[in-house]
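Analysis of the macromolecular model
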Amino acid sequence: MQEKIKEISSRVKELRGLSGISAEEIASSLDIALEEYNKYESGELDIPASILFEIAQLLKVDMTVLLTGVDPKMHIFTITRKGEGVSVERRKQYQYEGLAPNFIHKKAEPFVVTVEPQSNQESTPNSHPGQEFDYVLEGSLKVIIHDNEIILNEGDSIYFDSNYNHSMQAVGDKTAKFLAIIF
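The structure presented is a predicted model; accordingly, all values stated were derived computationally and were not measured.

Some words on the nonpolar core
Y37 and I55 are the most contacted members of the largest nonpolar core, which totals 40 residues. Per-element tally for this core: the top contributor is helix α4 (residues 49–59), with seven residues. Once you skip the residues sitting within four places of it in the chain, I55 turns out to touch V12, I26, L30, Y37, I47 and L66.

And the structure:
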C-alpha cells in the first residue's frame, strides 16, 4: 500500500506543478496546514479520498487520473461491473471502490466503502469541502458527525455537509458496506 500512496502523491505533486498552482494555494483551498499538505505530496501521509477528490477539482483533473494515472474517456455513460471498480485503500479503517472511474468530468464521485469492525478503536474523523450522501448496503454503521452519533442500518441513508468532522464505524462484529457519493 505504501508504494500506491507514493505513486498518488507523486502524481498530485507533478500535476500541481504543471497547473502552476502553489502548494500554499492548494493547502489554503483545502483549509489545511501547508505542513500537512506537504506531507501528502511527499507520501508521508496518506491522502483521504475526500481530500483527493477536492485536489482533483482544484487541479481540474478527474480523480481517476490521480488514482491510476489514466485519463477517463467515457462521456455518455460508463459501466462498472460488480467488483471491477478501482480499488483504493485510502485509510486503514475504510476500503473504497470507485464506481465510475472511466467517466470524464464527473460532478460527483461514487464509491462503495467497506468498513471492517474494529474492537475498541476510534475511527479518525475527517472533513472535506462539499456534501456527502451515504446509503448502507450491508451491516450497520455508526456515523459520528458534529457531536452527533447516528446508527444507520441496511437501507438507511444520510446526506450531510462534509465540511463538518465525520467518521464511520461498523457496528458490532459484522462488516458494513455503504454507497458513498461525494459532491
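Once you've had a look at it, read on.
Thoughts on the environment of L66
As for its placement among the helices and strands, L66 is situated in helix α5 (residues 63–68). Exposure remark for L66: the relative accessible area of 0% places this residue in the buried category. In this structure the C-alpha to C-alpha distance between L66 and A170, which are 104 residues apart in sequence, comes to 28 Å.

Some remarks on the side chain of R11
If you trace the backbone, R11 turns up in helix α1 (residues 2–19). For the buried residue R11, which engages in no salt bridge, the nearest side chain bearing the opposite charge is E7, 4.2 Å off. Here L66 takes part through its backbone oxygen, which lies 2.8 Å from a polar atom of the side chain of R11. In this structure the side chain of R11 is engaged in a polar contact, spanning 2.9 Å, whose partner is the backbone oxygen of L67. Beyond its immediate sequence surroundings of up to four residues, R11 is in contact with K4, V65, L66, L67, T68 and G69.

Definitions and cut-offs
- Residues numbered from 1 in each chain as written.
- Predicted model: local features only at pLDDT ≥ 70, side-chain atom pairs only at ≥ 80, totals over all residues.
- Heavy atoms only, no water.
- Core = buried A, V, L, I, M, F, W, Y, C linked by side-chain atoms within 4.5 Å.
- Buried < 20%, exposed > 50% of the residue type's maximum accessible area, 1.4 Å probe, protein only.
- Helix = DSSP H or I, 4+ residues; strand = E, 2+ residues; numbered from the N terminus.
- Contact = heavy atoms within 4.5 Å.
- Lys, Arg positive; Asp, Glu negative; His and termini not counted.
- Salt bridge = Lys/Arg side-chain N within 4 Å of Asp/Glu carboxyl O.
- Polar contact = N/O pair within 3.5 Å; in protein donor to acceptor, adjacent residues only side chain to side chain.

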